[in-house]
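A closer look at the structure
Given next are the chains, with one letter for each unit.
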Amino acid sequence: MAEAVQQLILDTLDKSGAIADTRVLTLPGASAPAASHDDQIAILGALNSLASRDMVAFDAHETLSHVLTPEGAQIALEGSHEARVWAALPAKGGGPPVTPKQLEQKVGAETAKIGQGRAFKSKWIAKDGDGLVKLASSIQDATQLDMREVDSTGTVKAGEKALAELRKRKLIAQRKGQWFTARKGPNFSTSTAKPETDLTVDMLTSGSWKTSTYKKYNFEAEGMPTNGGALHPLLKVREEIRNIFFEMGFAEMPTQSFVESAFWCFDAMFVPQQHPAREVQDTFYLSDPARSLDPPADYYARVAKVHEHGGYGSTGYRAPWSDEESHKLVLRTHTTATSCAMLYKLAARCRGEGDGTLAGDQGAHSGSVRANATPGAGDDGFRPAKLFSIDRVFRNETMDATHLAEFHQVEGVVADRGLTLADLIGFMRVFFKKMGLEQIRFKPAYNPYTEPSLEIYAFHPLLNKWVEVGNSGMFRPEMLEPMGFPKDVHVHGWGIGLERPTMIRYGISNIRTLLGHKVSLEGVEKSPAVRF
């Protein structure tokens, strides 16, 4: 059929020079011109095939037409609802009137319901007692005639008002159609033989390649898209933040330990053993194994003492110390547990136990995390350091649109002599500016292991409001001095979530569409790169 239509178009162009309207063509096997939508689709396919070989050129023209709905098609075949009601009734005086219930049995409930009203309005029927009879001796079913006219021509002579009424009654539907004008192309020929796409050995041997026509190569056509891997939006944002840290001279901490002891996760950070965050409603505890390995004995004793009795200028919590509580194993609730362990190693030289190099931890960027080689003031062995980590943490939270039981924490620490709160605020402004957050505010807050502590808020121009973006503070002496740091060494610490900036950047309102089984693989593949 396709080749026959192509040949029809070529023969018509050869005879007439142009085709002013493809609706006048009579397709092979048809008895009427190609006025229907399906006929024009067949002609379009033929024109596209011929145009790809530069045999013809054509222009498309849009037209609006109407088609019958299933109800309209039934009316075209059987008559309108009102005509069927009229036909089912006896003439007045020509028999007993038909009751509404009897009418439903004859023509159906829907036809009886719709037809009665329109028949009464047209004065075709009338009531006679409890029944209905014909009032008009003959009728003209204009609705059926309109349906047949629409079916054959796509419109009605009565005009747009009549069409609007039929659309309102849902008897017809509007449909866009096309017709075409065609003319000869540069390679016009009446032959539909397809050009060769390859030069074969047989063609070279026989010499037929000399007289063959060849399909023109489209060097501007795009190739097939590659099915490669794609980075998840979280990984894209994570990489951008890592680059910001590296640009600012930070080293990455190893964070492969998802399971930590309660000692490193809470006690070493001066979080009281009675703190609500340590309850099972907030923290995941392991049942097997249930007890961790022992931390360094002397350090453990210093931490226990400052909790129970105070020290280093602090009165402590004056609460009983539980060795069992300290040795519990938990899924880490924050990556600050890793920061705490790395700071303990950084203070090794200050304790006289090593050279202050934080090496040998698998997963550290470039093989190790090293303190700054520049000696600090004095001869106590301290070396400044800037460290960061980005990894998963776990909280026993109720999952909803904005919370999961696990999420990613971005954390940084800076250790040096004489650091102040003003240094922390200035550093935060620089860090968040590199993330594209220019307007920053700070609000006093409370953390057990930092004093002073600050919540960080940024004005988000897309949301047009201030949003909390992180938490920060200066680690307490009760945390740092038991490690062995000198009194003049202060440490800045801060943390932000990875999911919140990612959701804002990608316009995601439900975190479960960012992580979990509802994540769209197509969305991951097509998500744009993020740049702060």
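Below: a short report on this structure. Per chain, residues are indexed from 1 in the order of the written sequence. Given that the model is predicted, a residue must reach a pLDDT of at least 70 before its local features are reported, and side-chain atom pairs must reach 80 or more before they are shown or counted; all residues, however, enter totals for whole chains, interfaces and linings. Note that the side-chain values use all heavy atoms of the structure and ignore hydrogens as well as water.

Considering the packing of helix α10 (residues 233-247) against helix α17 (residues 499-506)
Packing of α10 against α17 leaves a shortest axis separation of 10 Å and a crossing angle of 110 degrees. Considering the angle they form, α10 stands roughly perpendicular to α17. Residues Pro233, Leu234, Lys236 and Val237 of α10 touch α17, and the partners they reach there are Glu499, Thr502 and Tyr506. When grouped by side-chain class, the residues that make up the contact of α10 with α17 number 4 nonpolar, 1 polar and 2 charged. To obtain an axis, a line is fitted to C-alpha atoms, over the contacting stretch when the element is a helix, and the angle between two such axes runs from 0 to 180 degrees between their N-to-C directions. Counting from the N terminus, the helices are the DSSP runs of H or I reaching at least four residues and the strands are the DSSP runs of E reaching at least two. Each angle is binned into one of four classes, with values under 35 degrees roughly parallel, values over 145 roughly antiparallel, values of 65 to 115 roughly perpendicular, and all other values oblique. Only heavy atoms matter for contacts: two residues are in contact if any of them lie within 4.5 Å across the pair. Residues are grouped as follows: nonpolar covers Ala, Val, Leu, Ile, Met, Phe, Trp, Tyr, Cys and Pro; charged covers Asp, Glu, Lys and Arg; every other residue, Gly included, is treated as polar.

Quick look at the pairing of strand β4 (residues 131-134)
When accessible area is computed with a 1.4 Å probe and restricted to protein chains, residues below 20% of their type maximum are described as buried, those above 50% as exposed, and intermediate ones as partly exposed. Here β4 shows no split at all, with Gly131 and Val133 on one side and Leu132 and Lys134 on the other all buried. Pairing of strand β3 (residues 125-128) with β4 involves 4 bridges; the strand directions are antiparallel. In the strand pairing of β4, Lys127 is matched with Leu132. Two strands are counted as paired when DSSP detects at least two bridges linking them. Two successive antiparallel strands, β3 and β4, enclose a turn made up of 2 residues, where Gly129 displays a positive phi of approximately 70 degrees.

So, the sheet that holds strand β1 (residues 18-19)
Strand pairing in a sheet relies on backbone hydrogen bonds. The paired strands run either parallel or antiparallel. Strand order in the open sheet made by the 3 strands is β1-β5-β2, with antiparallel pairing throughout. Only two strands of the sheet have a single partner each, and these edge strands are β1 and β2 (56-68). Sheet topology note: the β1/strand β5 (residues 172-184) ladder contains 2 bridges and is antiparallel. Among the inter-strand pairings, Ala18 is bridged to a residue of β5, identified as Arg183. This element, helix α2 (residues 37-51), spans β2 and β5 of the sheet and lies at about 35 degrees to β5.

Some thoughts on a nonpolar patch on the surface
Together, Leu199, Leu204, Trp209 and Tyr214 give the surface a local cluster of nonpolar side chains, amounting to about 400 Å² of exposed area. With respect to the helices, strands and loops of the structure, Trp209 is situated in the loop between α9 (201-206) and α10. Taking the relative accessible area as the measure of exposure, Trp209 reaches 36% and is therefore partly exposed. Excluding any residue in a salt bridge, patches collect residues exceeding 30% relative accessible area, merging like charges within 9 Å and nonpolar Val, Leu, Ile, Met, Phe, Trp and Tyr side chains within 5 Å. Note on areas: Shrake-Rupley with a 1.4 Å probe; residue coverage comes only from the protein chains shown. Basic side-chain nitrogens of Lys or Arg form a salt bridge, by our definition, when they fall within 4 Å of a carboxyl oxygen of Asp or Glu.

Things to note about the layout of surface pockets
By volume, the second largest pocket amounts to about 430 Å³. Forming the boundary of the second largest pocket are 20 residues, of which Ala35, Ser36, His37, Ser65 and Thr153 lie nearest the centre. Within the residue set of the lining of the second largest pocket, elements represented by two or more residues are α2, β2, α7 (142-153) and β5. Grouping the amino acids of the lining of the second largest pocket by side-chain chemistry returns 5 nonpolar, 11 polar and 4 charged. A pocket here means an open set of points on a 1 Å grid, computed over the protein atoms alone, that has protein on both sides within 12 Å along at least five of seven lines. A cavity is instead a set of points where a 1.4 Å probe fits but cannot get out; residues with an atom within 4 Å of a point line either one. Grid points are joined across faces, edges and corners, and a volume is the space filled by probe spheres set on the points.

Describing unusual backbone geometry
Look at the link from Asp288 to Pro289: it is a cis peptide, with omega at -5 degrees. With respect to the helices and strands, the residue Pro289 is situated in the loop between α11 (262-265) and α12 (297-308). Here Glu451 and Pro452 are connected by a cis peptide whose omega angle stands at 0 degrees. Along the chain, Pro452 turns up in strand β14 (residues 450-460).

Overview of empty space enclosed by the protein
According to the stated counting rule, one finds 1 cavity of 30 Å³ or more in the structure shown. Considered as a void within the structure, the largest cavity measures approximately 50 Å³ in volume. Lining the largest cavity are Pro272, Gln273, Gln274, His307, Tyr317, Ala319, Pro320 and Trp321. The residue makeup of the lining of the largest cavity, split by class, is 5 nonpolar, 3 polar and no charged.

Things to note about the pattern of salt bridges
Within this structure, the stated rule accounts for 17 salt bridges. For Arg302, the salt bridge goes to Asp298, with nearest N and O atoms at 3.8 Å. Placement of both Arg302 and Asp298 in helix α12 is noted, with a separation of 4 residues, approximately one turn of the helix. Several salt bridges share partner residues, and in doing so they unite Arg238, Glu239, Arg242 and Glu252 into one network.

Section: the side chain of His408
With respect to the helices and strands, His408 occurs in strand β12 (residues 406-417). Among the polar contacts listed, one links the side chain of His408 to the side chain of Glu499, at a separation of 2.8 Å. Excluding anything up to four places from it in sequence, His408 contacts Leu234, Asp391, Arg392, Ile496, Gly497, Leu498 and Glu499. Polar contacts, as counted here, are pairs of nitrogen or oxygen atoms within 3.5 Å of one another; within protein the pair requires one atom able to donate a hydrogen and one able to accept it, and residues that are adjacent in sequence qualify only if both atoms are side-chain atoms.

Regarding the packing of helix α5 (residues 100-107) against helix α6 (residues 109-121)
Running from amino to carboxyl end, α5 crosses α6 at an angle of 120 degrees, the nearest separation of the two axes being 7 Å. With respect to their mutual orientation, α5 and α6 come out oblique. Between α5 and α6 the crossing geometry is right-handed. Between α5 and α6, the residues in contact are Leu103, Glu104 and Val107 and Ala109, Thr111, Ala112 and Gln116, respectively. In the contact of α5 with α6, the residues fall into 4 nonpolar, 2 polar and 1 charged. Helix crossings get a hand from a simple test, with the near helix turned counterclockwise from the far one by less than a right angle marking a left-handed crossing and a clockwise turn marking a right-handed one.

Description of the nonpolar core
One finds Tyr299, Cys340, Leu343, Phe475, Met479, Met483 and Phe485 to be the most contacted residues of the largest nonpolar core, which totals 37 residues. No other element matches helix α14 (residues 336-346), which puts 6 residues into this core. Sequence-distant contacts of Phe485, defined by excluding residues within four places in its chain, comprise Leu343, Leu346, Ala347, Phe382 and Leu480. Here, nonpolar core refers to any group of buried Ala, Val, Leu, Ile, Met, Phe, Trp, Tyr and Cys residues whose side-chain atoms link them within 4.5 Å. In this structure, Val237, Ile390, Leu404 and Leu424 belong to the second largest nonpolar core, which totals 34 residues.

Taken by themselves, the reported measurements are silent on function.
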